[in-house]
Amino acid sequence: MERAPAWCTRDPNTAAAGSMPGSHAAQCRLRDGGQWIPELVAAHLSPVQMLSLLLLAFVGSATDAALAGTPRMALQAESQCDSICPERPAAANAILAAASAGLATTDEAISRVNRSLARLNAVRTASGTHALVRSQVLSLSASHHAAYLSSNGFRSAPSVHAETAGLGDFSGADPFIRMRAAGYHPSYATEVVGDIGFLATDSDCVDHLMRTVYHAALMLSRVTEVGMAYGTGAGAGACIIDLGVPLTAPTTEAVAPRQIVRYPWPGMVVPTGSLRLDTESPRPSPKLLPDARVGIPVLVGLRNAGSAAAGSGALGVQIQDFELRDATDTPVACVILADAAMTGPGITSDVALHGGFAVLVPRKPLAPGRYRVLLHATIGANVIEPVPWTFVVAPDGVQ
């Protein structure tokens, strides 16, 4: 495979209208399998903002470019390693040993992570997908980055996912390098970072990240293993979640054939009906959703339904109907974003969504009350039409 060139440049045309001060978007491209792929790199936001949710999915291939340390980042692609990834070099061991000195290892820090991982698995299983296996090496890579952010802050590198060599607690320039240096060899990997404020409770990290578009899709994706860490001190609100599928002996996805992933799940009570779009990066298209506040997104994942129905594992989903209705059975005005492998009336293809997800975003915040979701899709001759399900938006402050 051809070595990736200097591939990332800031492009003001990609910056989201009305984005928060200090945020930016970048347009990047890389050659993968002979084809140039557009990418969005997550913006970094000030750590004093209450909910600064940033994400970047890192997908890599164990080729000359990746082994040389070239970042390989894509929100929309899923690549396989071309060969078994080698063990980390001695230099990486030295970097990790130095970085490990700053890790948060108190009983309370460990307990906090344990509670959050339990919450993440509870959310995944309630949504209709498999629980994740805790990976010690992913926990190590997440802990290293948490230590770096705690020491240097969110503005110490071009992206909140990046690290600058020479600064304290440096452990790797990007998540993919850090995971590999820690000893993790993935066929697929991604990182999610949130800043919930150092006074917030730990459960807010998972629950706030789930009330988004792209973060939620990644956290409900096909990954099988997870590592998590929080920052310390002024960076205690920094929440790092490293997710992956190991290259060798992967855990089998424990999802029933034709299983649909749904969030909010049937019967769920969500504490708010509102999402500020400028707290997530990348921001969904301002042309489609110009308002700063919208309703809580509704996600469906059809990866397993698509694989079971198609037989070959390839998605070819057509969504005939995906809508939200309020308690009076009145349709709620929404925008539907979806994986490029999905088509249908009113569907907008979104390169930042992959893995068989479609997301229904209400144009306005949802008022407290009961809502009903209807879905009708086909995969070839197979019909995917679950019984309509409901969720409730609670009055403010009530769950």
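Anything mentioned here points back to the structure above.
About the thresholds
Residues numbered from 1 in each chain as written. Predicted model: local features only at pLDDT ≥ 70, side-chain atom pairs only at ≥ 80, totals over all residues. Heavy atoms only, no water. Buried < 20%, exposed > 50% of the residue type's maximum accessible area, 1.4 Å probe, protein only. Helix = DSSP H or I, 4+ residues; strand = E, 2+ residues; numbered from the N terminus. Pairing = 2+ DSSP bridges. Axes fitted to C-alpha atoms, helices over the stretch in contact; angles between N-to-C directions. Parallel < 35°, antiparallel > 145°, perpendicular 65-115°, else oblique. Left-handed = near helix turned anticlockwise from the far one by under 90°. Contact = heavy atoms within 4.5 Å. Nonpolar A, V, L, I, M, F, W, Y, C, P; charged D, E, K, R; others polar. Phe/Tyr/Trp six-rings, centres within 6.5 Å; stacked < 30°, edge-to-face > 60°.

Peer 1: It is not clear to me how the pairing of strand β14 (residues 298–301) should be interpreted in this structure. Could you clarify?
Peer 2: Every regular strand shows the same layout, with side chains that alternate between the two sheet faces. The two faces of β14 match: Val298 and Val300 on one face and Leu299 and Gly301 on the other face are all buried. Judged from the 3 bridges that link them, strand β9 (residues 261–263) and β14 form a sheet pairing that is antiparallel. Each bridged residue has a counterpart across the sheet, and for tyrosine 263 the counterpart in β14 is leucine 299. Here β14 pairs with strand β19 (residues 357–362) via 4 bridges, running antiparallel. Counterpart to valine 298 in the pairing with β19 is leucine 360.

Peer 1: Before we go on, may I ask you to explain the packing of helix α4 (residues 136–152) against helix α5 (residues 175–182) in this structure?
Peer 2: How two helices pack is summed up by the angle between their axes together with the distance between the axes. Direction vectors running N to C along α4 and α5 enclose 130°, while the axes themselves pass 8 Å from each other. Taken together, the axes of α4 and α5 lie oblique to each other. The handedness of the crossing between α4 and α5 is right-handed. Counting all contacts with α4, which are made through Val137, Leu138, Leu140, Ser141 and His145, the residues of α5 involved are Arg178, Met179 and Ala182. By residue class, the composition of the contact of α4 with α5 is 5 nonpolar, 2 polar and 1 charged.

Peer 1: Would you take a moment to explain the sheet that holds β9 for this structure?
Peer 2: In a beta sheet, neighbouring strands pair by backbone hydrogen bonds and run either parallel or antiparallel. Pairing is mixed in the open sheet, where 5 strands are placed in the order β9-β14-β19-β16-β18. Looking at strand neighbours, the two that pair on one side only are β9 and β18 (347–349), the edges of this open sheet. Strand-to-strand twist of the sheet, defined as the mean angle between neighbouring strand axes without regard to direction, takes the value 20°. Two strands pair when backbone bridges link them, and strand β16 (residues 334–338) and β19 are joined in this way by 5 bridges, in the antiparallel orientation. Directly across from leucine 337, in β19, lies its bridge partner valine 359.

Peer 1: Explanation requested: unusual backbone geometry in the structure shown.
Peer 2: Glycine aside, a negative phi is what most residues show, and trans is what most peptide bonds show. At the junction of tyrosine 263 and proline 264, the peptide bond is cis and its omega measures out at -5° in the coordinates. Checked against the element boundaries, proline 264 lands in the loop between β9 and β10 (269–270). Cis peptide bonds are those with omega within 30 degrees of zero, and the linkage from serine 281 to proline 282 qualifies with 5°. Relative to the elements of secondary structure, proline 282 occurs in the loop between β12 (280–281) and β13 (293–295). The backbone phi angle of aspartate 169 is positive, close to 65°, even though this residue is not glycine. Along the chain, aspartate 169 falls in the loop between α4 and α5. Of note, the phi angle at aspartate 329 is positive, near 70°, even though the residue is not glycine.

Peer 1: Looking at this structure, I do not really get the packing of aromatic side chains. What am I missing?
Peer 2: Aromatic rings in a pair are described by how distant their centres are and how their planes are angled relative to each other. Inspection of every chain in the model, using the stated rule, returns 2 aromatic pairs. Consider the rings of tyrosine 263 and tryptophan 265, whose centres lie 5.8 Å apart with planes at 75°: the pair is edge-to-face. Relative accessible area serves as the criterion here: at 1%, tyrosine 263 is assigned to the buried category. Measuring from ring centre to ring centre gives 5.8 Å for tyrosine 371 and phenylalanine 391, while their planes differ by 20°; the resulting arrangement is stacked. One end of the pair, tyrosine 371, is in strand β20 (residues 369–379); the other, phenylalanine 391, is in strand β22 (residues 389–393), and 20 residues separate them in sequence.

Keep in mind that these numbers describe shape and distance, not what the molecule does.
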